Amino acid sequence: MGTTATYPGEDHRHRGPGYRQRSVFDAANLGQTVRWLLLLIGGILMIMPIMYMISTSLKWPHEIYDLALIPNEPHLENYWFVLEDGRFFRWFVNSIVIAAATTLSNVLFDSLVGYTLCKFRFPGRYLVFIAILSTLMIPTEMLVIPWYLMSQSFGWLDTHWGIMFPGLMTAFGTFLMKQFFETVPDDFIEAARIDGLNELEIWWRIAMPLVRPALAALAIFVFLGNWTAFIWPLIVTNSVEMYTLPVGLSSFGDEADVQWELIMTGAAISTLPTLVVFLIFQRFIIRGVVMAGLKG
Amino acid sequence: MAGLDLRNLVKAYGRTEVLHGISLHVDDGEFVVLVGPSGCGKSTTLRLIAGLDEPTSGDIEIADRNVNRLEPKDRNVAMVFQNYAIYPHMTVRKNIGFGLRTSRLPKREKEKRLEEVAAILEMTDLLERKPAQLSGGQRQRVAIGRAMVRDPDVFLFDEPLSNLDAQLRTLMRLEIKKLHQRVGNTIIFVTHDQVEAMTMADRIVIMNDGNILQAGTPSDVYYNPANRFVAQFIGAPSMNMLPGLVAPDGVRLRNGSTVDVRIDAREGRPVEVGVRPDDFILDGPDPFIEGTVVVREPLGHETLVYLETPAGELTAKAGGRTPPELGQRLALGADTASIHVFDASTGESVRRR
Ligand SMILES: Nc1ncnc2c1ncn2[C@@H]1O[C@H](COP(=O)(O)OP(=O)(O)OP(=O)(O)O)[C@@H](O)[C@H]1O
Ligand SMILES: [Mg+2]
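Every value quoted in this text rests on a predicted model; they were computed, and no experiment measured them.

### Side note on the nonpolar core
Part 1: The biggest cluster of nonpolar side chains holds 137 residues, and the ones touching the most others in it are Val33, Met79, Leu156 and Ile188 of chain B.
Part 2: With 8 residues, helix 10 (residues 212-227) of chain A is the largest single contributor of residues to this core.
Part 3: Split by domain, the residues of this core number at least three in each of domain 1 (4-232) and domain 2 (239-343) of chain B.
Part 4: Not counting residues up to four positions away in its chain, the partners in contact with Val33 of chain B are Phe189, Thr191, Ala197, Met200, Ala201, Ile204 and Val205 of chain B.

Structural data, given as structure tokens:
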């Protein structure tokens, strides 16, 4: 907060004797200005690609290499074209199904394993945790070949299951949930045990509601990660019907003639679900839920 | 409702033994307070009774049945935690109703019990609130309510008042006591506050270092402490201890004077004479030690007086209106009946009564 912040109800006439009006050239004020400028530049950098995406989607093919932000003759033809093209709709559905199923699976299983690692004492617990963590250090590129061979021998190539099986549980999610379950006091769990819940019920009815903010964060991460995933879906799919959105969009046009205006149109449409997901889940990210049941 | 029996309970965490074989019988409907300094094993004892931890050895019987192998939910006990542990994501109604989940009562009956409990705890208006919208004392009552609806054989309270401010504590103390008189269940109540212990208990159990040092009625442990620890733990300010040696006619103090008491100990054995600040008679007949007033703490109706004496610093109580002056010399004596004597090495009482 800046040094000149006022609080509700605070009356300027009643400021203490040490108070004086700050001048524009004050050191503190200058710092503030610089800070705002840096943020502004950062903001512009972040928003430019999105502006160009939208702008390009409104252009005719002949002007896409014209860098003007405002199209000469803005039009919506690209949108009609993409939406009427059956393939786009198919990819969209593929992506939704895969991202949603993966998100659900991660929210359930990452938290189940995270909870177990956090709240139960059993031999080898630490070893299991380290093993899970260490998989975080292996990059996707290295895993793609084994995944492919595996899918091939199981007959999973070119199926929804083939696209999503590697991501159904993640080490990151497990780690995140374990850390969050540490914030759930054991007293809640023991109280529930006395109240007669079994261990699975305790997890589902007591612990899970208490880590809702973490679940929401995890859901956002996983959904976005899968929505934008490219390499693995590209490798595991063959038929156009199985493409996910990113793979499908990249296939608009061929090597010689990339149809940027259509790609950008598809990209613009495909950002909508991510916005929706974010809006749904971010309201769960409220701090302090856990503490409310404790102490005075 | 039913009593409770602990037989030779031992609990070790890894190699460290924290309970060294405690035995205790609690009568049906009795209000027992476990009291002792931090880390003495009070919570551990409760957790063993509740079934949240397994004893290393020994037996626990509730209502004449051995519960060693039973799950917490099958023991018919209810526990109120120090930090309440009411579920923040549920309304008060759900929280209290949670205690009835395992009960086989028909739904209507459950509903009725819940309303009854809410009425007793004066929470009927708060039933639809979430814990975040309650004050500390109200949360405490929800926690008690959740325990109450189940009508358990034994109530376990683990320092339930320690998070409340002094005024609310006194109030809740009274509430719990009234509640006990009304419902009559067996209660085991843990605290490290000896005032709480004295005021609430039918029987006080004093623990230290994983052992039970004495169990008795409040007046019993106050007037007849079995050892030095109990003597100094119960009563505020703490009992004064004056070192001395056993002599034929009583105890010879270091300043040469003799305290006239009969004791069960060999002559020449080092002992400590214990006198409560209230029991000192200032400038009365037969004083056995003298001292100079160094600090006074007026409390209104009385004044605490700290004296420098040959036996170290002693505390005495004087009247509130005309307390002794700073620097004044006072002779201290005490009624024979109010004097305690403890063996200096074992700490056991050697006073013959
Ligand atoms: N899970 C555990 N592992 C190892 N030691 C433990 C464990 N729980 C308790 N202890 C030890 O057992 C002893 C008794 O603990 P306990 O919680 O029963 O004390 P307490 O009397 O309830 O103290 P307080 O008044 O501080 O709550 C302590 O020394 C504590 O360090
Ligand atoms: Mg404790």
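We are not done yet, so read on.
### Topic: the site of ligand 1
Part 1: As a matter of local geometry, ligand 1 sits amid Tyr13, Val18, Gly36, Ser38, Gly39, Cys40, Gly41, Lys42, Ser43, Thr44 and His192 of chain B.
Part 2: Per element, the largest residue contribution to the shell around ligand 1 is 3 residues, and it comes from helix 1 (residues 42-50) of chain B.

### Remarks on the interface of chain B and chain A
Part 1: Each partner contributes residues to the interface: chain B has 26 residues there, and chain A has 19 residues.
Part 2: The element that contributes the greatest number of residues to the side of chain B that touches chain A is strand 6 (residues 77-80) of chain B, accounting for 3 residues.

### Observations regarding the domain arrangement of chain B
For an interface, size is often stated in terms of accessible area lost upon the parts coming together.
Residues and elements named next belong to chain B.
Part 1: Along its sequence, chain B is carved into domain 1 (4-232) and domain 2 (239-343).
Part 2: Placing the centre of domain 1 and that of domain 2 at their C-alpha centroids yields a distance of 39 Å.
Part 3: The partner domain 2 presents 5 residues to the 5 residues of domain 1 that form the contact.
Part 4: Partitioned by chemical class, the residues of the side of domain 1 that touches domain 2 number 2 nonpolar, 2 polar and 1 charged.

### Some words on helix 10 of chain A
All names here are of chain A.
Part 1: In this model, helix 10 (16 residues) spans 22 Å end to end at C-alpha, consistent with the 22 Å of a helix rising 1.5 Å per residue.
Part 2: Among all positions of helix 10, only Ala214, Leu215, Ala216, Leu218, Ala219, Val222, Phe223, Asn226 and Trp227 are buried.
Part 3: In this structure, the buried residues of helix 10 make contact with helix 3 (86-119), helix 7 (171-181) and helix 13 (260-282).

### A closer look at the confidence of the model for chain A
All names here are of chain A.
Part 1: In this model, chain A carries a mean pLDDT of 84, and residues with pLDDT of at least 70 account for 86%.
Part 2: Mean pLDDT values over the elements of chain A span from 86, in helix 13, up to 95, in helix 6 (residues 160-164).
Part 3: Overall, residues 1-18 carries pLDDT values under 50, and its contacts beyond four positions in sequence, including any with other chains, amount to 3 contacts.
Part 4: The model gives residues 287-296 a pLDDT under 50, and that stretch makes 33 contacts with residues more than four places away or in other chains.

### Here's the deal with the sheet that holds strand 15 (residues 280-282) of chain B
For sheets, the rule is that strands pair by backbone hydrogen bonds, running either parallel or antiparallel.
All names here are of chain B.
Part 1: Strand order in the open sheet made by the 5 strands is 15-19-16-17-18, with antiparallel pairing throughout. The sheet is open, and its two edges are formed by strand 15 and strand 18 (312-319), each paired on a single side. Ignoring strand direction, the axes of neighbouring strands in this sheet form an average angle of 45°.

Calculation rules
Residues numbered from 1 in each chain as written. Chains lettered and ligands numbered in written order. Predicted model: local features only at pLDDT ≥ 70, side-chain atom pairs only at ≥ 80, totals over all residues. Core = buried A, V, L, I, M, F, W, Y, C linked by C-beta atoms within 7 Å. Buried ≥ 20, exposed ≤ 12 C-beta atoms within 10 Å, placed from the backbone. Helix = DSSP H or I, 4+ residues; strand = E, 2+ residues; numbered from the N terminus. Domains from an automatic or database assignment. Contact = placed C-beta atoms within 7 Å. Near = placed C-beta within 6 Å. Nonpolar A, V, L, I, M, F, W, Y, C, P; charged D, E, K, R; others polar. Expected span 1.5 Å × (residues − 1). pLDDT = per-residue confidence, 0-100. Pairing = 2+ DSSP bridges. Axes fitted to C-alpha atoms, helices over the stretch in contact; angles between N-to-C directions.

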